[in-house]
Every structure is written in C-alpha cells, then in structure tokens.
Amino acid sequence: MQDMTVDLNSKVLIEKAEKDGVETMYKRKLGYKVQCGFGLQGVCCRNCGMGPCRISAKTPRGLCGADQHTIVGRNFARMAAAGTAAHSDHARDIAHTLALTAPGGDYQVKEPQKLVEFAKFMDVDPEGKDIYELAHEVAEVCLMEFGKPFGVSKLLKRAPKVRQEIWHNLGIEPRAIDREIATVMHSTHVGCTADLDSLIHMSLRCSLADGWGGSMIGTMLSDILFGTPKPVHTEANLNVLAGNNVNIILHGHEPTLSEMIVAASELPEMQELAKEVGADGITLSGICCTGNELTMRHGVKIAGDFHQQELAVITGAVEAMIVDVQCIFPAMAEVSTHYHTKFITTSPKAKITGSTYMEFHEETAMEDAKTIVREAILNFKNRDASKVLVPDLKSEGMVGYAEEAIVGQLNNVVNTQIDEMDSIKPLVDVLASGVIRGVVGVVGCNNAKTPSNYNHLTIIKELIKNDFLVVTTGCGASAACKNGLMLKENAPKYAGKGLATVCELVDIPPVIHLGSCVDNSRILNVCSIVANACDMDISDLPVAGCAPEWMSEKAIAIGTYVVGSGIDTFLGVMPPVTGSDRAVELLCGGLKDQVGACFYVNENPVELAKMIMDDIEAKRPAFEA
Ligand code: BF8
C-alpha cells in the first residue's frame, strides 16, 4: 500500500491505519484488483430500465439498439453535466450569499471596486447606487444566468471575439447554465440523441457554461465577498496539525461556510474556551478546495489533498472535520468512529450517514459557525494521546496569486503602466522572448489509478526544469505546495535557468498557486487578456492544460471547457471513452479542427510532460512572430 502514494506522511499514516485496524481508500483499492472493463471503456448503459446493457463483441448494441458510440457519448456528456452542476451550484450559493450582504452583517462586500467593475461588465449601472444595493442587483443578475429564458452567457464576451465566433458558428455558445445541464440530461434520456458528434458538442456547450458561466461567477463573487487573494505565506501537509491545539479541519468547497468558521474561531470567546478545555489555542487547516480557498485568502495551512482526508483523522489529533460539499469520502464517518474526531456535515446537499449533522445557513452564518466551532473545542477533552501520531513533514509555500497578482507581480519590476494593455505586456514579453517557453495549468485531483501525487510532481518538475511556468489549482496545488515547489527559494533547485531568473527578478515561485478548482476560470481570464492584447485567439497562445490525476466529473467539465476554449489538454488518466474508437478520435483529434484544441492522454507522466512541451514549442514560432 505504501507504493500507492509518494507522500511520506501518508505512508506513515497508512501504516498506522493498519495497526489501528482502520480501513482506508488504499486498503479498499487492494480489493479492486480488476475494475469493471465495461465501465472503464464507458460502454455500460443503464439509462433505462431495460438495461444495464453492456457492449461487447457478442452484444454490439444495447436493447434499444444504441451502439458503443452512442453509449460512450451519452456517458461522457452526463459526466460533463454533473461536473458543471457541481461547480455551478456552488456558484449559485455564492450569488445567494451576495444577495444577503448588508453593512455590519455576517457577509459584507470586501471588494467594492471589483463589484463596481463587474456590475458594469454585467450591464448593471452602478451610478448613484449604494454598494449593497448594487451587490444585491448584481447577485440577481448572476442568478438569472442560471435560468434566464433567452440569450447566451453574459460572460462569454470576456473571450476574444474570434473565439466567440467559433462557438457561435458551431452552435455551442452556452445559454443559461441550468438549461445546458437539463439539455444534456434530456438528450441522454432513452430515445433521444444517438449521434456522437452531437453528444460531444452538447458536452462542450454544457462545460463552457461551467467555465464561462458558473465557475467564473463563483470566482468573481467570492473575490467580491471575501477579498481578492494576494500572495501569502502558508504551510502544507499533515504536520500542520498542532500538538496541543484544538485542530479543526475544513474540507469541501464553498467559502461561505469556511470563511465564517475562520471568523468564529478567531473570536476571543472561542480562544478562551479553547484555553478552558486545556488547549493552547485553535489551529485551522484545510483539505481539498476549501483548503485552497482559505489558504489563498488567509494563509490558513493546507492539511492535505483529496487522498489525505482519511489519513488526517487517523493522526488522532483532529477534534473536528467540518465539511460542506463535494469530494468528501462517505468513509469519513466510519474512519472517525475509531478516533475522537467529530465528522461534521453541514449541507443538505451532502448529508452522510454516520456523521454529526449541523446544518449551516447563510442567513444565520455566524451563529451557526460558533455552534460548530464550540462543538469542536469541547471535543478536545476526548483526544486520546495514545492514539496520536502527527507525522513529521510539512513544507512552506507562497500561495494566492489571483489574476491581479500574477500580472501585477511581473508588472512591478518590468513595467509600471496601469492600463490593461501595458499591464499585460511584461507577461507577453517574457513569453515572446522565450525566457519562459510557455505556461501550463497543471490542475485537478488525486486518482487511485496512479500513486497519489506522483503524476503531478513528475509532470510539474519536468515542466519547470525546462522553463515552462506552471500555474495550478485544486489538489494539484496542494501537491506542489507540500513539496516545496511554491517557494521562490527553490527555483534554482527545480527550475531551468530562464524560469529561475524570472522567479528571482519578479519574486514569484516557479509554480503559481491560483486557487481552487472553480478558479480555473482565472486561467481562462488571463488567457483572454493575453490573447486580446496580442490580437490572437486563445488557441494561438503557448499554453496548455494538464490534469495528471483527474478523477471527478468536475474535472471532465473543466477539461472539456478548457479544450472548448482552445487550449490543448493533457490527461494522465484515460477517461471512460475507449469503448468507442470514434469518440477517442473525436476527443483526441477531431475537435482540433473544430475548436482549435483537443485532449491528449498518456499514462506515463514523463512522456505526457514531453508531449505538452512539444505541443507548446510547435506554437511558439507563430506566437513569436
Ligand atoms: O474541486 S481537485 S479532488 S477537491 S475535484 Fe476534488 Fe479534484 Fe481535489 Fe476540489 Ni477539484
């Protein structure tokens, strides 16, 4: 089992789990020596009650006559729709929270100027309006983006004109977000779409509603509510858990809950209560995207990534794991029974049997957060010292580079102009000169199909060694931070000469922390600004996307909108599409002629990194000209 991760802390805790008699994902994986071949190829259909139908040489069609291309296409589209739903429902909650803002309230507008700019972008006139009146109006306009009856996403106009035309001509401009999700679900119902090209177009349209709709709204409104991230120091890996402090881990995705827990835990009454129960204080840390949201705005430490959630509890040093939605193992309830940890679920969208359910409402946010934090503190007395093992390793890093920070950091040294074209010029110059060969977004999950973190780290190190700047989000960001790749001081050790020089000159790490998975919309934003500044399409830029260990349906939506935006996307794990050679051809080739980008898959991370670099190098001559 130790070989199933490259994280040394994780190895220690996998061994402890064995001794403690606790089952983890790593153990369960051993029971799955052979996974279902039909599922792996995407040729199992259970979209109606006549099935499940499984395509094979003996049964080349389902009972309704659907062939492998239809079934693979439908399954892929449903994954994209589920991913879009998850990101976008997150964004919807943030928009509802913006509608609740009030002066002196639990939620306030932290970035009034950003709100005004975004209001104008969304065709809301800020003139003569109080900032909260404006916030409520913007919230309503954003909420309309989910269900408006007519028109396409308002955010598409962020993209270069030429890109918008591609979408328009292909008929894949996303309309209302919920409509695109519903359309996929309808069209993949028995007896609807049975045409692969159409299903892939639908997947693109729906995923674009995520990238240029839900996720973009989520990111923008989170900045307005909680502040635009700025570079901040943090620490990462399970050693951030503090010996004699109340350890609270926040896990999940939406900052509405976690921001309030941060605020509640800083209250003097909570700090005093922690002392009363015999602790020295309270230590908050994060897992998964909540970890990213908190670290980039507050420097809250990163406890770990998706594959470390069970291991965090197995340290025996966690008073409470507080979760909201997405990427939470149901197994957390069982694992927690072996220790004193309270596994606290808070969302009606993610109730888990065996958890302690404490529903969180944005309307009573601070009161709810205080109740939850109190529960965690009072649990400190139940910690059993004989069960505690906090492993030794943690790393430092600089995190929290929003678009403004990336552009600003380069600009401070090379250029002091503040208008948009001049601001972006240093980034364009450093790319055009070839000092940095290209920019790669290495993002996404951990997948038990690969040793945890291995693909991420291998690919990131190959890229920066060859002067490719890496930007990262989600659990990929945690992997990089845990391994010291987000420290400028480590640039000479890991980065090529060109990249190391840039890191030194403009004070950036070789791997840039861009935030959570919804923040992949920041990558679209920066690409658009650069493409517009160069009078190019996004597909002409020396950039690429990579998901080395993707596993979630959200990752399928992200990969599909990144491809749809014109960025070649490299996967380290094969999606379940190999049952249809036509689907593979289309996704990994044919789309290039339509949207200027496609997927590439290679399960060898060194080879995948080489493919990324070759791909970008091939684009460089045109970009340099
Ligand atoms: O949205 S990277 S495992 S945490 S899905 Fe989940 Fe994947 Fe981690 Fe965040 Ni993104």
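This one's a predicted model, so the numbers in the text were calculated from it and none came from an experiment.

Considerations on the packing of aromatic side chains
1) Next: Evaluated as defined, the whole model comprises five aromatic pairs.
2) Next: On the basis of an interplanar angle of 85° and a centroid distance of 5.0 Å, the ring pair of F306 and F329 is categorised as edge-to-face. Note that F306 is positioned in the loop between β6 (301-304) and α13 (309-314) and F329 in the loop between β7 (320-323) and α14 (332-337), a separation of 23 residues in sequence.
3) Next: Overall, F306 belongs to the buried group, its relative accessible area being 8%.
4) Next: Geometrically, the ring pair formed by F570 and Y600 is stacked, given 4.7 Å between the ring centres and 10° between the ring planes. Of this pair, F570 sits in strand β15 (residues 569-571) while Y600 is found in strand β16 (residues 599-601), placing the two residues 30 residues apart along the sequence.
5) Next: Note on F570: relative accessible area 1%, which makes it buried.
6) Next: Of the residues examined, Y600 reaches a relative accessible area of 23% and is grouped as partly exposed.

Examining the side chain of E254
1) Next: Checked against the element boundaries, E254 lands in the loop between β4 (246-251) and α10 (255-265).
2) Next: Of the side chains with opposite charge, K349 comes closest to the buried, unpaired E254, at an N-O distance of 4.5 Å.
3) Next: Residues within four places of E254 in sequence aside, it is in contact with D89, H90, D93, T290, D324, V325 and K349.

So, the site of the ligand
1) Next: H253, C288, C289, F306, C327, G444, C445, C475, C517, M551, S552 and K554 make up every residue found near the ligand.
2) Next: At 2.9 Å, a side-chain N or O of K554 approaches an oxygen atom of the ligand.
3) Next: Of the residues contributing to the shell around the ligand, the split by class is eight nonpolar, three polar and one charged.

Regarding the coordination of the nickel atom of the ligand
1) Next: Just one protein atom coordinates the nickel atom of the ligand, and that atom is C517 (SG), at 2.3 Å.
2) Next: The coordination sphere of the nickel atom of the ligand comprises four donor atoms, whose angles at the metal cover 90 to 163°; the geometry is irregular.
3) Next: Following the sequence through the fold, C517 ends up in the loop between β13 (511-515) and α22 (520-533).

Overview of the pairing of β6
1) Next: Of the strand pairs in this sheet, strand β5 (residues 282-287) and β6 are connected by three bridges, and their pairing is parallel. Across the sheet, S285 pairs through a bridge with K301, a residue of β6.
2) Next: Assessed by its sense of winding, the connection that carries the chain from β5 through helix α12 (residues 288-298) to β6 is right-handed.

Comments concerning the nonpolar core
1) Next: Residues F118, V138 and L221 are the most contacted members of the largest nonpolar core, which totals 171 residues.
2) Next: Sort the elements by how many residues they give to this core and helix α9 (residues 196-226) lands first, with 15 residues.
3) Next: Other than its neighbours up to four places away in sequence, F118 contacts V138, C142, L155, R158, M220, L221 and I224.
4) Next: Residues L13, I14, L238 and V318 belong to the second largest nonpolar core, which totals 32 residues.

Thoughts on the environment of R54
1) Next: By secondary structure assignment, the location of R54 is in strand β2 (residues 53-54).
2) Next: With 16 residues separating them in the primary sequence, R54 and F38 have C-alpha atoms 6.5 Å apart.
3) Next: When near neighbours in sequence (up to four residues on either side) are disregarded, R54 contacts F38, V43, C44 and T59.

Thoughts on the packing of helix α4 (residues 68-99) against helix α6 (residues 131-147)
1) Next: Between α4 and α6, whose axes approach to 8 Å, the crossing angle comes to 155°. Comparing their axes, α6 and α4 come out roughly antiparallel. In this structure, the crossing between α4 and α6 has a hand that is left-handed. In this structure, α4 uses S88, A91, R92, A95, H96, L98 and A99 to contact α6, whose residues at the interface are A135, H136, V138, A139, C142, L143 and F146.
2) Next: Residue classes in the contact of α4 with α6 are distributed as 10 nonpolar, three polar and one charged.

Examining the pattern of salt bridges
Where side chains of opposite charge bring their charged atoms close, a pairing between them can arise.
1) Next: According to the stated counting rule, one finds 42 salt bridges in the structure shown.
2) Next: When the shortest N-O distance is used, the salt bridge between D123 and K157 registers 3.8 Å. Taken together, the positions of D123 in the loop between α5 (112-121) and α6 and K157 in the loop between α6 and α7 (161-170) put the pair 34 residues apart, joining distant regions of the chain.
3) Next: For D123, a relative accessible area of 55% translates into the label exposed.
4) Next: Owing to a relative accessible area of 40%, K157 belongs among the partly exposed residues under this scheme.
5) Next: Connected through shared salt-bridge partners, K114, D223, E293, R297, E403, E404, D519 and R522 make up one network.

What counts, and where the lines are drawn
Residues numbered from 1 in each chain as written. Predicted model: local features only at pLDDT ≥ 70, side-chain atom pairs only at ≥ 80, totals over all residues. Heavy atoms only, no water. Phe/Tyr/Trp six-rings, centres within 6.5 Å; stacked < 30°, edge-to-face > 60°. Helix = DSSP H or I, 4+ residues; strand = E, 2+ residues; numbered from the N terminus. Buried < 20%, exposed > 50% of the residue type's maximum accessible area, 1.4 Å probe, protein only. Lys, Arg positive; Asp, Glu negative; His and termini not counted. Salt bridge = Lys/Arg side-chain N within 4 Å of Asp/Glu carboxyl O. Contact = heavy atoms within 4.5 Å. Near = heavy atom within 4 Å. Polar contact = N/O pair within 3.5 Å; in protein donor to acceptor, adjacent residues only side chain to side chain. Nonpolar A, V, L, I, M, F, W, Y, C, P; charged D, E, K, R; others polar. Donors = N, O, S within 2.8 Å, 3.2 Å for Na, K, Ca; no water. Tetrahedral: all angles 85-135°; square planar, octahedral: opposite > 155°, others 65-115°. Pairing = 2+ DSSP bridges. Right-handed = clockwise from strand over helix to strand, strands pointing away. Core = buried A, V, L, I, M, F, W, Y, C linked by side-chain atoms within 4.5 Å. Axes fitted to C-alpha atoms, helices over the stretch in contact; angles between N-to-C directions. Parallel < 35°, antiparallel > 145°, perpendicular 65-115°, else oblique. Left-handed = near helix turned anticlockwise from the far one by under 90°.

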